[in-house]
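Examination of the molecular architecture
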Amino acid sequence: MLKSRDLTYQYPGSKALAFPDISVKAGEALLICGESGCGKTTLLHLLAGLRKPGSGQIFIDDALFSEMTSAQTDQYRGRHIGMVYQQSYFIESLSIIDNLLLSPYAGDRSKTMSIANRLDINDLMRRRPSQLSIGQQQRASIARAIMSSPRLILADEPTSALDNRNCLQVLNLLKEEALSNNAALVIVTHDDRLRDHISSQVNLEPVN
Amino acid sequence: MLPKIAWKNLIHKPLNTALCVSLLMFGVGIISVLLLMQHQLEQKFERDLRDIDLVVGAKGSPLQLVLSAVYHLDAPTGNIKLAEARKVMDNPIVEEAIPLAYGDSYQGYRILGTTPDYLEKYNAELRDGRLFSKSMEATLGAAIVERTGLQVGDTFLGTHGDVREGHVHEEHPYTVVGVLKSTNSVLDQLVLTNIESVWDVHAVHGDEDDHDHEGDHDHDHDHEGDHDHDHEGDHDHDHEGDHDHDHEGDHDHSDATVDRDSMEITALLLKYKSRMTMLNIPRIINDQTNMQAVLPGLEINRLFYMLGVGATTLKLIAGGIMAMAGFSVFFVLYNRLRERKHELALMRSVGYRPGHLFGLLLFEGLLLAVFGYLLGWLLSRLGIYFINRQAESDFNLQFGWGWVPGEWWLLLLTFLVGIISALLPAWRAMRMDVSKILSDN
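Residues numbered from 1 in each chain as written. Chains lettered and ligands numbered in written order. Predicted model: local features only at pLDDT ≥ 70, side-chain atom pairs only at ≥ 80, totals over all residues. Heavy atoms only, no water.

Take the overall build of chain A next. Along chain A, the regular secondary structure elements total six helices and ten strands. Across chain A, every contact between residues at least 6 apart in sequence was considered, and the portion connecting residues at least 24 apart equals 71%. Roughly 8,800 Å² of accessible area belongs to chain A as shown, and the carbon and sulfur atoms make up 45% of that amount. (Helix = DSSP H or I, 4+ residues; strand = E, 2+ residues; numbered from the N terminus. Contact = heavy atoms within 4.5 Å. Areas by Shrake-Rupley, 256 points an atom, 1.4 Å probe, with all protein chains shown as cover.)

What follows is the structure, given as structure tokens:
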């Protein structure tokens, strides 16, 4: 479903980052591990089309994602990619339910309720994001990520800020939701707690 | 979703929003009141001017003469001799000459002695009764009837001068013979009668006896009940006190035949057959007679120029407030941009295009402008309401609430202030580095 080949990226004034090729199929999960500063988030943003690679290609469903125009990329990301971040970003002035409906490609309200039920946040829908605990916020951002029934879920350190109990809960939710949407799941993390739970792993080498 | 985000964001920070909106409100409110008053005053002055080419009256301030004779707003400059006026009226280039005579008022409304031509000039129509035809008959303007409740057949007494508490001419009651429909002109505020009535009340008409005009007139006439016109009684007028009615002692009524030309009127409204000759006549009148001739349009332009200086100052102040409002919209949106950068980056990551963010911020600026405008509009109408309460009692003047053409420009200006102030923040939102913002934890 998702494949990358010879990806590199160079920030101005620093050494070029070269990434190992990755490949993940629909319904499967891939863990990309590495220490801070090795370019995990950069790789994830390349995969999400938030940055353009310096060289190399990204294929999604055999389409050359990395060569799409920025408008096509934005549209594709909105429609087919769900993103989860380490910090839960929300529109602070909107209630949780409106945050779930934020994307122009999000489903309707009935879908919100069924997802909220599955993620056990249905009591929180009328609340403001700041009124939720960190674990609740992370569940709400997973809910938002799957609102558009994505084909690919990209998660950036989704568990780093969570305690063990919440960590496992969030990981399981991500895996379950990816499976039920038949979506590919890519998690980048330095959180070693996840290594035992996802077999398919890629390690990024630290940059010197 | 975008309008909802814009709206929620504005009410999420109510103080920021209140600051922007209230500054816009005051700017819009002040400018709106000025526009309303200026437009309506100009319209009213234009409408009441009709086709009066020249105003002739006693020497004095030309503006005062126009204000008193055309708009009935100021005191008259004095009286002129009918004989002298007659020379101007009989000039062949004059198409129409309407004499005006005043002196009295009823409950603050002027009693104007004139001819039916005057009513025709303002396209007056009768609602009730008929036009005045004899002395001491009065036809009332619509506003007076509304306010005083006088009806056809009623009688009332004039008060000397313009003041409500002046001397009352108790011996000379007027009879209401007609009521006019509203014409939205000065007629609405006038008690109309013929010139003879004014002369009668002030007792110079038809008297052939030797008047004892000593000192100033008080019009405290001692008519001893027999002020009939049998020309026999011994009218011992006891003029004293401080009334200045320009009768200054030169009444020569000793002739057996009364020459009306020795009577006085207050002013003369002229219309020429052709405007070509207009420039000469005033000069001749001003140079060769005791009267002055004034081009009313010129004086009114001068008045508006003078009023305009004050209005311009106020407009500059209001413009300054608008500019500050624009800056506050800019600062609020720009500052919020820093707090909201993660939200905006998030929006990009869920599929919004840079153009959407640009539009969102512009829309927020526009929303502030819309609310500022609406509240400013309300404020201006509230202002007009209070100005009306004052103006009604002081000048018999009422401003309408209606939309005036200049307000379209004000609306456009307000929207532009909102949009232009939001341009830079919107540009920044559009150009931000989403990936960088989402990666700094």
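Right, let's talk about the overall build of chain B for a bit. Check the secondary structure of chain B and you find twelve helices and twelve strands. The buried share of chain B, reckoned over its 441 residues, is 50%. Here the contacts in chain B between residues at least 6 apart in sequence split such that 77% fall between residues at least 24 apart. For chain B, the computed accessible surface area is about 20,600 Å², with 57% contributed by carbon and sulfur atoms. (Buried < 20%, exposed > 50% of the residue type's maximum accessible area, 1.4 Å probe, protein only.)

What follows concerns the confidence of the model for chain B. Residues and elements named next belong to chain B. Mean pLDDT for chain B: 82, with 83% of residues reaching 70 or above. Averaged over each element, pLDDT in chain B is lowest for helix α8 (residues 280-288) (83) and highest for helix α11 (residues 406-431) (94). Low confidence marks residues 204-258, where pLDDT is under 50. Its contacts with residues over four positions away, or in another chain, come to 97 contacts. (pLDDT = per-residue confidence, 0-100.)

What follows is about the nonpolar core. Counting residues in each nonpolar core, the largest one holds 113 residues, and the members touching the most others are Leu2(A) and Tyr118(B). At 15 residues, the largest contribution of residues to this core is made by helix α9 (residues 296-349) of chain B. Three or more residues apiece are contributed to this core by two domains, here domain 1 (2-45 + 303-439) and domain 2 (54-294) of chain B. Once you skip the residues sitting within four places of it in the chain, Leu2(A) turns out to touch Ile22(A), Ser23(A), Val24(A), Leu47(A), Ile58(A), Phe59(A), Ile60(A), Leu152(A) and Val186(A). (Core = buried A, V, L, I, M, F, W, Y, C linked by side-chain atoms within 4.5 Å. Domains from an automatic or database assignment.)

Attention shifts here to helix α2 (residues 14-49) of chain B. The terminal C-alpha atoms of α2(B), which comprises 36 residues, lie 51 Å apart, in line with the 52 Å expected from a rise of 1.5 Å per residue. A positive backbone phi angle near 50° is found at Arg50(B), which sits one or two residues after α2(B). (Expected span 1.5 Å × (residues − 1).)

Residues and elements named next belong to chain B. Mapped onto the elements of the fold, Pro425 is located in helix α11. Overall, the relative accessible area of 0% leaves Pro425 in the buried class. Considered as a pair, Pro425 and Asn335 are 90 residues apart in the sequence and their alpha carbons are 8.8 Å apart. Pro425 has contacts with Phe330, Leu333, Tyr334, Leu337 and Leu361, leaving out every residue within four places of it along the chain.

A few words on the interface of chain B and chain A. By convention, interface size is frequently given as the accessible area that disappears when the constituent parts associate. Opposite the 26 residues of chain B that make contact, chain A presents 28 residues. Taking both partners together, chain B and chain A bury about 2,400 Å²; carbon and sulfur atoms supply 57% of that area. The interface formed by chain B and chain A holds four salt bridges in total. Only α1 (2-12), α9 and α12 (434-439) of chain B provide two or more residues apiece to the side of chain B that touches chain A. Grouping the amino acids of the side of chain B that touches chain A by side-chain chemistry returns ten nonpolar, eight polar and eight charged. (Buried area = accessible area lost by both parts, 1.4 Å probe. Salt bridge = Lys/Arg side-chain N within 4 Å of Asp/Glu carboxyl O. Nonpolar A, V, L, I, M, F, W, Y, C, P; charged D, E, K, R; others polar.)

A separate point is the pairing of strand β9 (residues 184-189) of chain A. Residues and elements named next belong to chain A. Along β9, six of the six residues are buried, which leaves the element largely enclosed by surrounding structure. Going residue by residue along β9, you find Ala184, Val186 and Val188 tucked away on one face and Leu185, Ile187 and Thr189 tucked away on the opposite face as well. Where strand β4 (residues 29-33) lies against β9, five bridges are found, and the strand directions are parallel. The residue of β9 that forms the bridge with Cys33 is Thr189. The β-α-β motif built from strand β8 (residues 152-156), the intervening helix α6 (residues 164-180) and the parallel element β9 has right-handed crossover chirality. (Pairing = 2+ DSSP bridges. Right-handed = clockwise from strand over helix to strand, strands pointing away.)

Bringing the packing of aromatic side chains into the picture now. Working definition: an aromatic ring pair is given by the centre-to-centre distance plus the angle between the planes. As enumerated under the stated definition, the model contains 16 aromatic pairs over all chains in all. With a centroid separation of 5.5 Å and 55° between ring planes, the pair formed by Phe65(A) and Tyr76(A) is classed as tilted. In this pair, Phe65(A) is assigned in the loop between β6 (63-64) and α2 (70-80) and Tyr76(A) in helix α2, connecting sequence segments eleven residues apart. By relative accessible area, Phe65(A) is classed as buried at 2%. With a centroid separation of 5.0 Å and 70° between ring planes, the pair formed by Trp403(B) and Trp408(B) is classed as edge-to-face. A relative accessible area of 53% places Trp408(B) in the exposed class. The structure contains a cluster of three or more aromatic residues connected by ring pairs, namely Phe327(B), Phe330(B), Phe331(B) and Tyr334(B). Lying across the ring of Tyr102(B), Arg110(B) places its NZ or CZ 5.0 Å from the centre. (Phe/Tyr/Trp six-rings, centres within 6.5 Å; stacked < 30°, edge-to-face > 60°. Lys NZ or Arg CZ within 6 Å of the ring centre and 35° of its normal.)

Right, let's talk about the sheet that holds strand β7 (residues 81-84) of chain A for a bit. Residues and elements named next belong to chain A. Reading across the sheet, the five strands line up as β7-β8-β9-β4-β10 and stay open at both edges, with parallel pairing between neighbours. Edge positions in the sheet fall to β7 and β10 (201-203), since each of these pairs with one other strand and no more. Looking at each pair of strands side by side, their axes are set apart by 15° on average, direction ignored. Alignment of β7 against β8, held across four bridges, turns out to be parallel. What sits directly across from Gly82, in β8, is Ile153. (Axes fitted to C-alpha atoms, helices over the stretch in contact; angles between N-to-C directions.)

A few words now on a nonpolar patch on the surface. All names here are of chain B. A cluster of nonpolar side chains, contributed by Trp403, Trp408, Trp409, Leu412, Leu416, Ile420 and Leu423, occupies part of the molecular surface with about 790 Å² of accessible area. If you trace the backbone, Ile420 turns up in helix α11. The class for Ile420 is exposed, based on a relative accessible area of 53%. (Patch = residues over 30% accessible without salt bridge, like charges linked within 9 Å, V, L, I, M, F, W, Y side chains within 5 Å.)

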